[in-house]
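Chain and residue survey
What follows is each chain in one-letter form.
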Amino acid sequence: MNGIAVFRRALGKHLVVLGLAAAGVTATGVAAACTLPGHGAPPSGWMQEERNPRPQHDGPGIVGMWKSNTLSPTGDVLDFGTQQFHSDGTEFLISGGRAPSTGDVCMGVWEQIGPATYKIKHIALGYLSSDSSPPVVPAAFAGPAIIHQIVTLSPSGNKYTGTYTVDIYAKDGVTLVGHGEGTLTGVRFTVD
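Anyway, here's the lowdown on the structure attached to this text. These numbers come from a predicted model, not from an experiment.

Rules used throughout
- Residues numbered from 1 in each chain as written.
- Predicted model: local features only at pLDDT ≥ 70, side-chain atom pairs only at ≥ 80, totals over all residues.
- Heavy atoms only, no water.
- Helix = DSSP H or I, 4+ residues; strand = E, 2+ residues; numbered from the N terminus.
- Buried < 20%, exposed > 50% of the residue type's maximum accessible area, 1.4 Å probe, protein only.
- Contact = heavy atoms within 4.5 Å.
- Areas by Shrake-Rupley, 256 points an atom, 1.4 Å probe, with all protein chains shown as cover.
- Phe/Tyr/Trp six-rings, centres within 6.5 Å; stacked < 30°, edge-to-face > 60°.
- Core = buried A, V, L, I, M, F, W, Y, C linked by side-chain atoms within 4.5 Å.
- Pairing = 2+ DSSP bridges.
- Axes fitted to C-alpha atoms, helices over the stretch in contact; angles between N-to-C directions.
- Polar contact = N/O pair within 3.5 Å; in protein donor to acceptor, adjacent residues only side chain to side chain.

In this section: the overall build of the protein. Within the protein, the secondary structure is distributed over one helix and ten strands. Starting at the N terminus and ending at the C terminus, the protein contains elements arranged as α-β-β-β-β-β-β-β-β-β-β. Per-residue burial over the protein gives 47% buried out of 192 residues. For the protein, the share of sequence-separated contacts (at least 6 apart) that also reach a separation of at least 24 residues comes to 51%. For the protein, the exposed surface amounts to about 9000 Å²; the carbon and sulfur share of it is 59%.

The following block contains the structure:
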């Protein structure tokens with residue numbers, strides 16, 4: 001059994017698929033983007049560093065744009081996307097592996113908790129749609145997922161690694177239907 005299958009089984013009958021940006025419920029359970037398997041793999045070379053990244057030793061810290069990967073506990077890529085951290089403490093992530101109609105955007109807040117370490121909390125709102133399994137037309141709200149992340153920048157400031165947990169809720173926003181965890185990686189996206 002591969003890592004994704006093991007992870008799905010561990011989350012129980014309520015969890016069908018989690019991805020990197022929002023949540024959705026199927027007839028058998030819940031799925032949240034921003035965290036578990038999406039509908040596509042990252043393009044080849046997705047996590048390569050930019051050709052001439054500028055050192056960020058005294059730079060903006062986590063503020064900026066990043067290419068990100070969300071990984072299962074076994075290291076399988078579950079989702080990928082772009083993530084922006086803003087100087088006002090807000091953040092958003094757009095999944096590259098999720099269909100927009102299922103909810104491919106997570107928005108959140110962040111704070112620095114150490115010299116190169118950051119805590120992020122964001123919410124994913126998921127939908128059942130013509131792109132979900134089974135298809136649902138018209139699209140319907142399925143429920144939220146709350147994702148907590150801790151990431152640490154590399155000494156150059158151009159990469160991060162970290163961990164996440166996700167709690168997936170039913171449409172009522174109260175009933176917990178799934179929980180997951182894994183790791184994260186990011187590479188700063190630059191203009192060079």
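On to the packing of aromatic side chains. Tallied over the entire structure, the rule returns four aromatic pairs. Here Trp66 and Tyr160 contribute two aromatic rings whose centre-to-centre distance is 5.0 Å and whose plane-to-plane angle is 55°, an arrangement assigned as tilted. Taken together, the residues span a long stretch of sequence, with Trp66 in strand β3 (residues 64-71) and Tyr160 in strand β9 (residues 159-169) at a distance of 94 residues. The buried category is assigned to Tyr160, whose relative accessible area is 3%. On the basis of an interplanar angle of 65° and a centroid distance of 5.5 Å, the ring pair of Tyr127 and Phe141 is categorised as edge-to-face. In this pair, Tyr127 sits in strand β7 (residues 117-128) while Phe141 sits in strand β8 (residues 140-153), placing the two residues 14 residues apart along the sequence.

This next bit is on the nonpolar core. Ile62 and Val151 are the most contacted members of the largest nonpolar core, which has 21 residues in total. Breaking this core down by element, the ones donating at least two residues are β4 (77-85), β6 (105-114), β7, β8, β9 and β10 (176-189). What Val151 contacts, discounting residues up to four positions off in sequence, is Ile62, Ala116, Thr117, Tyr118, Ile120, Tyr160, Thr161, Gly162 and Leu184.

Turning our attention to the pairing of β6. When strand β5 (residues 90-95) meets β6, the two strands line up antiparallel, connected through five bridges. Paired with Ile94 across the strands is Val105, a residue of β6. Bridging between β6 and β7 involves eight bridges; their strand directions are antiparallel. Following the sheet pairing, Cys106 is matched in β7 by Ala124. Linking β6 back to β7 in an antiparallel pair, the connection comprises two residues.

Geometrically, the link from Ser133 to Pro134 is a cis peptide bond, its omega value of 0° lying close to zero. Following Val137, the chain continues to Pro138 via a peptide bond in cis, the omega torsion being -5°. Mapping Pro138 onto the fold places it in the loop between β7 and β8.

Spatially, eight strands are ordered β3-β4-β5-β6-β7-β8-β9-β10 in a closed barrel, and the strand pairing comes out antiparallel. This sheet shows a mean twist of 30° between the axes of neighbouring strands, independent of strand direction.

Here we come to the side chain of Thr190. The topology assignment puts Thr190 in the segment after β10. At a separation of 3.5 Å, a polar atom in the side chain of Thr190 contacts the main-chain amide nitrogen of Asp192.

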